[in-house]
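Structural characterization, general
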Amino acid sequence: MVAAVTDTKDAEVVHQAVEDAVARERARMARELHDTVATDLAGAISLFKVYVEGHPGSAKRGAAAGTLIDVLEILERMLKQVRETLAELRPRPIGPQGLVGDIRRQGEEFARLYSIRVEVSVNGTEDMLTEHQREVAYQVVREALTNVRRHSNSSICRVRMAFAARPFLIEISDEGRGLDSPRLGGYGYGLVGMRERAAGIGGRLEVVSTEGRGTTVFLFGPN
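Residues numbered from 1 in each chain as written. Predicted model: local features only at pLDDT ≥ 70, side-chain atom pairs only at ≥ 80, totals over all residues. Heavy atoms only, no water.

**Some details on the packing of aromatic side chains**
For the structure shown, the criterion picks out 2 aromatic pairs. With a centroid separation of 6.2 Å and an interplanar angle of 20°, the aromatic rings of Phe218 and Phe220 are classed as stacked. Residue classification places Phe220 among the buried residues on the basis of a relative accessible area of 18%. Seen from the ring of Tyr114, Arg149 lies directly overhead, with NZ or CZ sitting 4.7 Å from the centre. (Phe/Tyr/Trp six-rings, centres within 6.5 Å; stacked < 30°, edge-to-face > 60°. Buried < 20%, exposed > 50% of the residue type's maximum accessible area, 1.4 Å probe, protein only. Lys NZ or Arg CZ within 6 Å of the ring centre and 35° of its normal.)

Here's what the structure looks like:
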């Protein structure tokens, strides 16, 4: 019995060490991305805007001027994407209302901004999850909701959180267009990122999608 308890504690220590290492690496990547790509893009955009504002007439004439405007728009989109990536890489502390409260607030924002109704149901208490597990759960739900908004054309999304289950389970489903394959239809790196986050807490992520009938994302916690 003593050996079993010791083995369990050792496993918990190792798992926490892995979580801490993953968090540090994400923070390092975020710093490097901010100090290099994001800073250079912001600088290039500022220079383009200074030129356009200083030459209002030439900005409206000729193919070359039109190309410059196109380049400026591309750079602005790239900077927006980089900033979204930075937000995902940086650790996000759960607010005072907890994981469930933050997800409910996210659902309210979706309803207000995008007319997508988000129904949230909970079984059990989030206190059973570690802080890092709650952060990962929030990031996965947020990414899944973003995919619903961008790709599904669904007016409703359901988030079911079963904290009492072993392992815990979070399910995000919509009634949208669905996909031939979860690897297609714009999921791409977003799906890869969600799976990496799930693996980082010892869990896994699965996607079930049927064309014309919607998509469901399953986040399983560690066994």
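Once the structure has been displayed, the description carries forward.
**Focus: the pattern of salt bridges**
Throughout the structure, instances matching the rule amount to 7 salt bridges. In this structure, Glu119 engages Arg158 in a salt bridge whose closest nitrogen and oxygen atoms are separated by 3.3 Å. You can see Glu119 sitting in strand β1 (residues 117–123) and its partner Arg158 sitting in strand β2 (residues 156–162), a full 39 residues away along the chain. Two residues, Glu171 and Arg160, come together in a salt bridge whose shortest N-O distance is 3.1 Å. Taken together, the residues Glu171 in strand β3 (residues 169–174) and Arg160 in strand β2 connect sequence positions 11 residues apart. Accessibility expressed as a relative area gives 18% for Glu171, which makes it buried. By relative accessible area, Arg160 is classed as partly exposed at 36%. Overlapping salt bridges bring together Arg117, Glu119, Arg158 and Glu175 as one network. (Salt bridge = Lys/Arg side-chain N within 4 Å of Asp/Glu carboxyl O. Helix = DSSP H or I, 4+ residues; strand = E, 2+ residues; numbered from the N terminus.)

**What about the nonpolar core?**
If you look at the biggest cluster of nonpolar residues, it comprises 32 residues, and the most contacted ones within it are Val159, Ile170 and Ile172. Those elements that provide at least two residues to this core are α3 (98–114), β1, α4 (131–152), β2, β3, α5 (188–200), β4 (204–210) and β5 (214–220). The element that contributes the greatest number of residues to this core is α4, accounting for 8 residues. Grouped together as the second largest cluster of nonpolar side chains are 9 residues, Ala30, Leu41, Ile45 and Leu75 included. (Core = buried A, V, L, I, M, F, W, Y, C linked by side-chain atoms within 4.5 Å.)

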